[in-house]
Amino acid sequence: MMKRPFLRAMPPYLPVLVILICMFALNGLAEPNSLSAYALKGLVSTYLALMFLAVGQTLVIFAADIDLSVGAILGLVNVTLVSLMQALGDTAGAIMLSMLLAVGVGAACGALNGVLVVILRLQAIVATFATSVLFLGLALFVMPVAGTPAPRLFWRTFGGRIAGIPFAYFVLAALLLMIFLLARSRFVQRLLTVGDDQLAAFQTGLPVNSIRVRGYIMCGVFAALAGLCITGDTASGDPNVGGLITLNSVAATVLGGAALSGGVGTLFGSVLGALVIGSVGSLVFFLGTPSEWQNLVQGLTVLAALMVGILFSGKARA
Amino acid sequence: MSGALKPILIAAGLVVLLMIAGETVSPGFASPEQILRLAIVAALLGIVAAGQNLVILGGREGIDLSVGGVISLSALVAGNVMSGSDAGLFPAILACVAVGAAIGLLNGLGVTLLRIPPLVMTLGMLGVVQGLLVVARNGIPSGRAAPVLSDFVSRPQWLGLPGILWLWLLIGLAMAGLLNRTVFGQRIFAIGANEGAARLAGVPTQLTRMMLYVLSGVFSAIAGLCILGYSGSSFANVGGQYMLSSIIAVVLGGTPLSGGRGGYTGTMIGALLLVVLQGLLTTLSIDESGRQIIFGSALIVLLLFYGRSRGLQS
Amino acid sequence: MPHLKMTDMNKTYGATKALTSCRIELFPGELHVIMGANGSGKSTLCKILAGSVKPDSGTITLDGRKVDISDPKAARNLGVSIFYQELSLSRNRTVAENILAKDLPTRAGFVDVKAVMAQAAQAFAPFKEVAGDGFDLSARVGDLRPDQRQLVEIAKAFAGDADIFIFDEPTSALDRAQTEAFFKELDRRKAEGAAIVFISHRMEEVFEIGDRVTVIRDGESVSSASLADTTRDRIVAEMVGGESNTGVFADPPQAPAPGKVRLALQDLSSRRLRDVSLTLHAGEILGLGGLHGQGQSDLLRALFGLEPTTGDVLLDGTPIALHSPRRAIRGGFGYISGDRQTEGAITGRSIFENVVPIHLFKSRQHILRRKTLQADVDRVLQILATRHGGTGLPISSLSGGNQQKVIISRWLMDDTEVLLLDDPTKGIDLKTKLELFELIRSLADKGMAILLYTSEDAELLANSDRILVFNNGRIVRELAGADRTRLMLTRAAFEAA
């Protein structure tokens, strides 16, 4: 049956946008300083990695796949990057080359996931869990213990300013430009078509397997970009850095209005979803919640936000 | 029937092969004490996987990511309730089961009434439970297992086997009976295979599905209690490692994530296989990174035997 | 010379032979009908041509040149375009995106939104007038009515530059005006020299627009002829083989003496029903007729507790509230859907497990006594003469017709008073259809009261003791006795529309 025009015209990321605005408003009420330029910059640079990761996760979820290895890829990229920079020296050229190679590592990890899930037809959840163990092992091989520092030039740039504007905002702008372009690309449209109904897409004559594999590769690339961000943020290498972030990337994607069953969602929504998770953390902090309660309040808020998001988008879609 | 048996036989064969390999590389690996130790670890995983198994069998992308949190919370609660005394064991069991059932019920309500995808619901619940853990650990001192519980888990008791192995065996029999000899079991398979058709055939689909999540919570809670007995005292996030390994045990045991077919016998073997593989890697003198790399690769190879979905072109 | 030739096509699924040295020749500018009972291999043949099914062996030549169609993309490159019976649409994409899904127009890798709308509008132009309310090129396909979706699939098949079109039951959800717009477009494509393969179960349609017909039986091509040179009866005879099974299209049955009133509805209304009142007697088969989707299915679903209603339902004179299927089942209702895959078969489970659930529910048991139940299961399956290789085998090992028999047998384990049949023979071949209707009649003879909706008028006429004609959720006419003719039924269905 037809929906009311309002619901049909509603952008899928509207619920998460509303939630995000509420979070910021609550933050502002609890502690006006939380909306200061300094605090916002801190929020953005801390959660840039999650934003990138959420975009990568969203690409595979568009195609009704999932990647539980993004955190491990991020960790592997982190230690690879730091080791490379250590080996190649800390000139700007060497750092650029290291970053390029690190992104290549992410792409290769994504390609392996793609081959296992798409070509060898393993179930995505378990297959990407298995590769995450493998990637973690590789990360431990590259750097057995945490703590190798990143070159000064690298983290100083990431944490610094250009023309008075924090560098993190440039990265954020680059991310937004990327998702703006991606959302209009045939690639993403095809990912969505494949996720909507794989058989229908195949019968329509779309190269379903190649589209899905490319989705995984792109996810690996974004996980690698997230790895670059986290290296800039933490300024060191740590093979276990990707611990819990995988599940947060899934949560951010779902918060952003994407359906795990594929075919629905927006990349922009997932970025907002990542910010919601970040702002929940800061809200809990600024509310003056006793530290031992912070995780619980955060958990409850994210769960509630997930429910609200799903119920809303479910109503709009049903 | 042969179709259902095949993955179980493969897994069982692999367990034997790994034991032989272990004994060859490192004599003593297949000694009775060592086998007993591995079996106990497998039982801990197997009990968690029983709940995971039920939830997965029920279909509609059923999965329970909150098991790790429930295990940790249950271990913490149990440790405090009994705080090292045998008299506290029974209240501790009650408390654990209540905690597990309550969390499972919330999961079930979210999945059925609110129709939230299980992956999302149980993931969100995991966050909440982990928060609860922090609160609980701050408010109360970490407890200790009752001696009787520790003995139950690690001391040979009846016929040379510790109680937990008997418990696992009992759970295995109960699960087989539940799935194959009860109407409830039929309903689990029916909603997993085709929920729409099951509903039209008189199956209370929502109630059945909710029960699966409750049972999963209860199994995790029992496992948490046993894990406390195994480790002696409750420490941070003991359950974390069980989340994905319980899923893998189910899949290796021949129950596909799509639900509707499979069973627990295979899952038991799957749990054994995982534990023996990990035990073997620990025995070999390679460093952590090598172990992880081999374990990850081995999982990939094992998964190639199972859980392959069908291609698009027939 | 034929434009396209498929010879010696073979395909087996497991133990089932779907095609055995099947052949077909297509000439440019012709509309070639393929007829055959369901499961005879028509769809398989089409899917091989479209690349979504791989044949075991066989030769396909295009303009005398041997070609290999390895996947749907290859078929497309050879100029083959197909309309899928089960549709190949993405529910969450817009109409325009779906129509052009094969080749979204792009500029430098980015989707050219303007071109998408323009090209989609052009492709949909022939159907614009008949699409109906709420249709829009930027609407989400999942929000459309079934007939609108079918039009989108048709426009999708026509989009692009193919010269061989395959239509696998393209008109099942369309109304008359939509069908005519579609036929007009077919004529236009024919005039341009396209070769069209057309599958339909509707004889009238076939003779209205077809040029030649190939009949397939059990995976073999039995005959190819010009439609001008053949007759309905001959095609039917070729489809069913040696036996002349035209019983489905037989004359209306002699109405038996009505038994006592089993079910009485008074002013039943729901989202789709308006003040439906009727009485149903024991031993009676009451048909629900009219155009598709006028409330017939909705009535059956409402009675089974699947849709909220207002009004009174009296079963054996006692009011009964129907809030859920479970309530309805306890009350003595049984429901059989034509949608076996989603609402009937518990797919992947055994025949045994597909027979017992209603009994388990009604008998309030908790323990599954397989041995005790086995005798009952065997008994009901025997009543239905269901052919199976053992009740432990998965239900998917059976043909569609036999699956439906298993599903019916669920309701025979215990007494069912009112059986609600919602297009129960959908997608079932003629021969099995006959068996099913014989069975349904025998159930009525034993005192069961039956409400029957079928999407084929001929079946309705041949099997109903009375027919209630529906329009827009209301009963507009009752046909009984000698009034049960195709003419009267069609007239009643259309005059109110």
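Criteria and cut-off values
- Residues numbered from 1 in each chain as written.
- Chains lettered and ligands numbered in written order.
- Predicted model: local features only at pLDDT ≥ 70, side-chain atom pairs only at ≥ 80, totals over all residues.
- Helix = DSSP H or I, 4+ residues; strand = E, 2+ residues; numbered from the N terminus.
- Rg over C-alpha atoms; globule rule 2.2 N^0.38 Å.
- Buried ≥ 20, exposed ≤ 12 C-beta atoms within 10 Å, placed from the backbone.
- Contact = placed C-beta atoms within 7 Å.
- Pairing = 2+ DSSP bridges.
- Nonpolar A, V, L, I, M, F, W, Y, C, P; charged D, E, K, R; others polar.
- Domains from an automatic or database assignment.
- Axes fitted to C-alpha atoms, helices over the stretch in contact; angles between N-to-C directions.
- Expected span 1.5 Å × (residues − 1).
- Arc of directions from axis to C-beta.
- Core = buried A, V, L, I, M, F, W, Y, C linked by C-beta atoms within 7 Å.
- Parallel < 35°, antiparallel > 145°, perpendicular 65-115°, else oblique.
- Left-handed = near helix turned anticlockwise from the far one by under 90°.
- pLDDT = per-residue confidence, 0-100.

## Focus on the overall build of chain C
Line of reasoning, step 1. Check the secondary structure of chain C and you find 18 helices and 22 strands.
Line of reasoning, step 2. Here the C-alpha radius of gyration of chain C, 24 Å, is about what a compact globule of 497 residues would show, namely 23 Å.
Line of reasoning, step 3. For chain C, with 497 residues in total, the buried portion stands at 48%.
Line of reasoning, step 4. By sequence separation, contacts in chain C at least 24 residues apart represent 69% of the contacts at least 6 residues apart.

## Re the overall build of chain B
Line of reasoning, step 1. Of regular secondary structure, chain B possesses 13 helices and zero strands.
Line of reasoning, step 2. Its C-alpha atoms give chain B a radius of gyration of 19 Å, within 12% of the compact-globule value 20 Å for 314 residues.
Line of reasoning, step 3. Counting only residues that meet the buried cut, chain B has 57% of its 314 residues in that class.

## Description of the sheet that holds strand β14 (residues 276-281) of chain C
Residues and elements named next belong to chain C.
Line of reasoning, step 1. Strand order across the open sheet formed by four strands is β14-β13-β16-β17, with antiparallel pairing between neighbours. For this open sheet the edge positions go to β14 and β17 (318-319), each flanked by a neighbour on one side alone.
Line of reasoning, step 2. Note: strand β13 (residues 261-269) against β14, five bridges, orientation antiparallel. Residue pairing for β14: Leu268 is matched across the bridge by Val276.

## Structural notes on the interface of chain B and chain C
Line of reasoning, step 1. Facing 22 residues of chain B, the contacting portion of chain C comprises 27 residues.
Line of reasoning, step 2. Going through the elements one at a time, α8 (183-193) and α9 (195-200) of chain B are the ones with two or more residues in the side of chain B that touches chain C.
Line of reasoning, step 3. Considering every element that reaches the side of chain B that touches chain C, the biggest residue donor is α8 of chain B, with six residues.
Line of reasoning, step 4. For the side of chain B that touches chain C, the residue count by class is eleven nonpolar, eight polar and three charged.

## Brief notes about the interface of chain B and chain A
Line of reasoning, step 1. Counting residues at the interface gives 38 residues for chain B and 43 residues for chain A.
Line of reasoning, step 2. Among the elements of the structure, α5 (118-139), α11 (242-252) and α13 (288-305) of chain B are those that each provide at least two residues to the side of chain B that touches chain A.
Line of reasoning, step 3. The element that contributes the greatest number of residues to the side of chain B that touches chain A is α5 of chain B, accounting for 13 residues.
Line of reasoning, step 4. Residue composition of the side of chain B that touches chain A, by class: 23 nonpolar, twelve polar and three charged.

## Side note on the domain arrangement of chain C
Line of reasoning, step 1. By domain assignment, chain C separates into domain 1 (4-243) and domain 2 (249-495).
Line of reasoning, step 2. Put simply, the middle of domain 1 of chain C and the middle of domain 2 of chain C, counted by C-alpha atoms, are 32 Å apart.

## Remarks on the sheet that holds strand β22 (residues 474-480) of chain C
All names here are of chain C.
Line of reasoning, step 1. Taken together, six strands build an open sheet; the order of strands is β18-β19-β20-β15-β21-β22 and the sheet is mixed. Among the strands making up the open sheet, the edge pair consists of β18 (333-337) and β22. Averaged over all neighbouring strand pairs, the angle between strand axes comes to 20°, with direction disregarded.
Line of reasoning, step 2. Sheet topology places strand β15 (residues 285-290) next to strand β20 (residues 449-453); four bridges connect them, and they run parallel. Its bridge partner lying in β20, Ile285 is registered against Ile450.

## Some remarks on helix α6 (residues 176-191) of chain C
All names here are of chain C.
Line of reasoning, step 1. The terminal C-alpha atoms of α6, which comprises 16 residues, lie 22 Å apart, in line with the 22 Å expected from a rise of 1.5 Å per residue.
Line of reasoning, step 2. Among the residues of α6, those classed as buried are Gln178, Phe182 and Leu186. Taken around the axis of α6, the buried residues stretch over an arc of 80°, which confines them to a single face. α6 presents Arg176, Ala177, Arg188 and Ala191 as exposed residues on the side facing more than 90 degrees away from its buried surface.
Line of reasoning, step 3. Of the surrounding elements, those touching the buried residues of α6 are β3 (31-35), α5 (146-158), β10 (195-199) and α7 (203-209).
Line of reasoning, step 4. One or two residues past the end of α6 sits Gly193, with phi positive at roughly 100°.

## A word on the pairing of strand β11 (residues 212-217) of chain C
All names here are of chain C.
Line of reasoning, step 1. Within β11, five of the six residues are buried, leaving the element largely enclosed by the surrounding structure.
Line of reasoning, step 2. Here β3 pairs with β11 via four bridges, running parallel. If you follow Met35 over to β11, its bridge partner there is Val215.
Line of reasoning, step 3. Direction of pairing for β11 relative to strand β12 (residues 220-226): antiparallel, over a ladder of six bridges. The residue of β12 that forms the bridge with Val213 is Ala225.
Line of reasoning, step 4. What sits between the antiparallel neighbours β11 and β12 is a turn of two residues, in which Asp218 has the positive phi angle 45°.

## Thoughts on helix α11 (residues 208-234) of chain A
Residue and element names in this part refer to chain A.
Line of reasoning, step 1. The end-to-end C-alpha distance of α11, which contains 27 residues, comes to 39 Å, matching closely the 39 Å that a straight helix rising 1.5 Å per residue would cover.
Line of reasoning, step 2. The buried fraction of α11 is high, at 23 of 27 residues.
Line of reasoning, step 3. Within two residues after α11, Ala235 carries a phi angle of roughly 60°, on the positive side.

## Some details on unusual backbone geometry
Line of reasoning, step 1. Here the phi dihedral of Arg60 of chain B falls at roughly 45°; this positive angle occurs in a residue that is not glycine.
Line of reasoning, step 2. Position of Arg60 of chain B relative to the elements: it lies in the loop between α2 (32-57) and α3 (67-82).
Line of reasoning, step 3. For Asp275 of chain C, which is not glycine, the phi torsion reads 45° and is therefore positive.
Line of reasoning, step 4. Its location among the elements puts Asp275 of chain C in the loop between β13 and β14.

## Section: the nonpolar core
It is characteristic of soluble globular proteins that their nonpolar side chains tend to be buried jointly.
Line of reasoning, step 1. Counting 376 residues, the largest nonpolar core has Phe52, Leu53, Leu74, Ala224, Val271 and Val276 of chain A together with Ile450 of chain C as its most contacted members.
Line of reasoning, step 2. Viewed by domain, this core spans two of them, domain 1 (4-243) and domain 2 (249-495) of chain C, each represented by three or more residues.
Line of reasoning, step 3. With sequence-adjacent residues up to four places away left out, Ile450 of chain C is seen in contact with Glu284, Ile285, Leu286, Leu419, Leu421, Ile440, Leu443 and Ala444 of chain C.

## Details of the environment of Leu227 of chain C
Residues and elements named next belong to chain C.
Line of reasoning, step 1. On the secondary structure map, Leu227 appears in the loop between β12 and α8 (232-240).
Line of reasoning, step 2. Leu227 gets classed as partly exposed once you count the C-beta atoms within 10 Å, which come to 18.
Line of reasoning, step 3. If we ignore the near neighbours within four places in the chain, the residues touching Leu227 are Val33, Phe207, Gly210, Asp211, Arg212 and Val213.

## Observations concerning the packing of α2 of chain B against α11 of chain B
Residue and element names in this part refer to chain B.
Line of reasoning, step 1. At a minimum axis distance of 8 Å, the contact between α2 and α11 shows a crossing angle of 70°. For the element pair α2 / α11, the angle class is roughly perpendicular. Where α2 crosses over α11, the handedness of that crossing is right-handed. Along its contact with α2, which presents Leu45, Val48, Ala49, Gln52, Asn53 and Ile56, the element α11 presents Tyr242, Ser245, Ser246, Ile247, Ala249 and Val250.
Line of reasoning, step 2. By residue class, the composition of the contact of α2 with α11 is eight nonpolar, four polar and no charged.

## Things to note about the pairing of β15 of chain C
Residues and elements named next belong to chain C.
Line of reasoning, step 1. Most of β15 sits inside the fold, with six of its six residues counted as buried.
Line of reasoning, step 2. Of the two faces of β15, the one lined by Ile285, Gly287 and Gly289 and the one lined by Leu286, Leu288 and Gly290 are each fully buried.
Line of reasoning, step 3. Relative to strand β21 (residues 466-471), β15 runs parallel, the two sharing five bridges. The partner of Gly287 across the bridge, within β21, is Ile467.

## Things to note about the packing of helix α4 (residues 89-112) of chain B against helix α10 (residues 205-231) of chain B
Working note: a packed helix pair is described by the angle between its axes plus the distance between those axes.
All names here are of chain B.
Line of reasoning, step 1. One can describe the packing of α4 onto α10 by two numbers: an axis separation of 7 Å at closest approach and a directional angle of 145°. Relative to α10, the crossing made by α4 is right-handed.
Line of reasoning, step 2. Residue composition of the contact of α4 with α10, by class: 18 nonpolar, ten polar and one charged.

## Examining the confidence of the model for chain C
Line of reasoning, step 1. Mean pLDDT over chain C stands at 87; residues scoring 70 or higher make up 95%.
Line of reasoning, step 2. Both confidence scores are given for the complex: pTM 0.86, ipTM 0.85.

## Overview of the environment of Leu35 of chain A
All names here are of chain A.
Line of reasoning, step 1. Looking at the element boundaries, Leu35 is found in the loop between α2 (14-30) and α3 (37-62).
Line of reasoning, step 2. Sequence separation between Leu35 and Phe24 is eleven residues, and the spatial gap between their C-alpha atoms is 7.5 Å.
Line of reasoning, step 3. In contact with Leu35, not counting residues within four places along its chain, are Phe24, Asn27, Gly28 and Leu40.

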